[in-house]
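# Observations on the three-dimensional arrangement
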Amino acid sequence: MRFLYLNRRTRPLTLVGALLLAALLVGGCQATPTPAVPTTTAGVAAPPPTEIVPSTTHTPQAQPPTTAPTATPEPPRIALSDTVTGAMKAAIENWASAQGVQVVPASEEADVRIETTHTVSNATQLSEAVFAVADWFPTLRTGMTLDDIRGLWQGQPTADGLVTLLVSPDTAAALRALWGEPAASVTVMAPEEIAPHLWKEKEAIAIVPFDQLEPRLSQLPLDGQNVLDRQMDLATYPLVVRTVASGDPALVESLTATLRDQVSATNRDLERMTTLIMTGVTAMARDTAWVIEQKGDPAYPARKIADVLAAADITHISNEIPFVESCKADPTPNLLVLCSKPSYIEAIKLVGADIIGLTGNHMLDYGRKAFLNTLDLYDQEGLSYYAGGRNAEEARRTLFIEDHGNKLAFMGANSFGPPIDWATEDTPGAQRYNPDTMKANIEAAREQADVVLVEYQAEETYEYTPSYNNRQQFRATIDAGADIVTGVQAHQPQAVELSEDGKKIILYGLGNLFFDQMFDLDVRRGLIPRHTIYQGRLLQTELLTTMLENASQPRWTTPAEREVILKNVFGASGYR
């Protein structure tokens, strides 16, 4: 109800004003006008309308779930050390991407940790990388110590003047896991630049992965351990870096299974490594035969070197003379009709010989029958031979040998004569050298072999420098596709020559193995190359050195004797 307040000073109302005021007061007291009551047609009052009262009940709303929604799980995490590089790193990252695994830095928490280490402990080894110390091929060094190599890494020159250590980026990363950050004396360069740099800078040495060795590099034993020796204990060799994984077993197993098909477990797989030893002149006659008879030991010439030669996977002997039942030990000086007693084959067997080269020019000294009997003896002893035979066809035949997955082809020829020693279509003897025939044989062999080896009985000279004709002949053979060319005619060591790309090698002369020459030091000196073939290619050639004693028995040289031989050989090669 609204009230009208009048001022006491208001003038008295007139009648009309009073009536208006009354009407206003009455209207103001009726907040809600009473509606008219409807009636029926009969005049009977209708029932009052039902009063609608506004409801206080709210419209039902969607209820929240009784449990919280499931959160998306975080992906597994692998912490990958920055010392893991190359193919291994790429394979791990590819696996992680395919499996939805997150790769994080080594400093972060993770389900699996992958790192490099020398010793595996409470982890699964994924792979191992074996490294070698390498110098240029014509080095006179016989080895290095771990202290010297580690000192170079830390910036300390060696006592003999080495001041620089060369490594590739991947090698540098791997060695950081062992020795920490390198000093400024460590030069990091592309792998293909290391060998040329070593040939230019004589105050440098390198560390390279085992499988990146090549003929123009010379692997150096480390603390007396030779990484080319399959008997070496890798557990004690200091230059091995292993990639390991630890953590969630299921993830580690999945990763290991994947890497098994993508990354090599090692870069030094003994099942793909072949060691081959080649030797020079063997002719157990004259004074050699006389000493054997005096000693009563047919294997006497081999006694001091047999263990090393027999340890090779393949050992070669170039025996120039026949075995003759009626042969007598005749020490007559300068006797040129030569033979050996069949019992002397015990020296060849003691060194573990597997193959015999028949290029020699004394094979028919006792006639064709003696030579054929010699071939029969080789057959009985299970010795394979090449470059000579019962006729020209057999002499031309290439000897193929597969060892540890490496396919090798051996062939050879005699270019020196005498002509009576050359095989014909119906007479036995050595294969006669013909450049076109040799080239065709090499090309044919390349279709089946990884490494082709050619042996020559060429011009005989008593000098370290090979003759002009021999140089032309041997180089042409390399150009024709051979990997290793060896001269077995020289009675003293001669030059060694690498191909322009540093992957092939010529050994012009090895000197005497089992022979009696003693008239000066040069004919007493000998070379025994030990080749390492790895995964189908020539990896290394080591030059072992000997000194002949007692007109019959070679021994290993002293360090001083070895240095003299190598200086002469490398000097004749133009390398020093």
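Whatever comes next refers back to the structure up there.
As the structure is a prediction and not an experimental result, all values here were calculated from the model. Along each chain, numbering runs from 1 in the same order as the chain's sequence is written. Owing to the predicted nature of the model, reporting of local features is limited to residues with pLDDT of at least 70; listing and counting of side-chain atom pairs is limited to 80 or more, with chain, interface and lining totals taken over all residues. With hydrogens and water excluded, all non-hydrogen atoms of the structure serve as input to the side-chain values.

### Section: the nonpolar core
Here, the term nonpolar core denotes a set of buried Ala, Val, Leu, Ile, Met, Phe, Trp, Tyr and Cys residues that are joined through side-chain atoms within 4.5 Å. Note on exposure labels: buried denotes an accessible area under 20% of the residue type's maximum, exposed denotes more than 50%, and partly exposed covers the range between, all computed with a 1.4 Å probe on protein chains only. Grouped together as the largest cluster of nonpolar side chains are 48 residues, with contacts concentrated most on F410, I442, V452, V454, Y456 and I505. Leaving out residues up to four positions away in the same chain, I505 has contacts with F137, I478, D483, I484, V485, V496, E497, L498, H531, L538 and T541. Counting residues in hydrophobic clusters, the runner-up holds 45 residues, among them L146, V208, Y237 and L239. Whether two residues are in contact is decided by their heavy atoms, any of which lying within 4.5 Å being enough.

### Notes on the pairing of strand β4 (residues 124-136)
Strands here are runs of E lasting at least two residues and helices are runs of H or I lasting at least four, both read from the DSSP assignment and numbered beginning at the N terminus. Counting buried residues in β4 gives ten out of 13 residues, a clear majority hidden from the surface. Bridge count between β4 and strand β7 (residues 204-209): four bridges; the pairing is antiparallel. Paired with A134 across the two strands is A206, which belongs to β7. A strand pair is defined by DSSP finding two or more bridges across the two strands. Pairing of β4 with strand β8 (residues 217-220), which is carried by four bridges, proceeds in the antiparallel orientation. Opposite V133, over in β8, you have L220 as the bridge partner.

### A short note on helix α15 (residues 559-573)
The terminal C-alpha atoms of α15 lie 21 Å apart, and with 15 residues this matches the ideal 21 Å at 1.5 Å per residue to within 8%. Among the residues of α15, those classed as buried are I565, L566, V569, F570, A572 and S573. Taken down its axis, α15 places every buried residue within 155° of arc, on the same side. In this fold, the buried residues of α15 make contact with α13 (468-479), β21 (496-498), β24 (525-534) and β25 (537-549). Of the residues flanking the end of α15, it is G574, one or two places downstream, whose phi is positive at about 80°. One less than the residue count of a helix, multiplied by 1.5 Å, gives the span that helix is expected to have. The arc in question is formed by the directions pointing from the helix axis toward the C-beta atoms.

### Observations concerning the pattern of salt bridges
For this document, the term salt bridge refers to a Lys or Arg side-chain nitrogen within 4 Å of an Asp or Glu carboxyl oxygen. Tallied over the full model, the rule gives 26 salt bridges. A salt bridge links D483 to R446, with the nearest nitrogen and oxygen atoms 3.0 Å apart. In this pair, D483 sits in the loop between α13 and β20 (484-487) while R446 sits in helix α12 (residues 435-446), placing the two residues 37 residues apart along the sequence. Judged by relative accessible area, R446 falls into the partly exposed class, the value being 30%. Close ionic contact of E497 with R475 constitutes a salt bridge, the shortest N to O distance being 2.8 Å. Linking E497 in strand β21 with R475 in helix α13, this pair joins segments that are 22 residues apart in sequence. Given a relative accessible area of 34%, R475 falls into the partly exposed group. When salt bridges with common partners are traced through the structure, they connect D376, D379, R390 and E394 into a single cluster.

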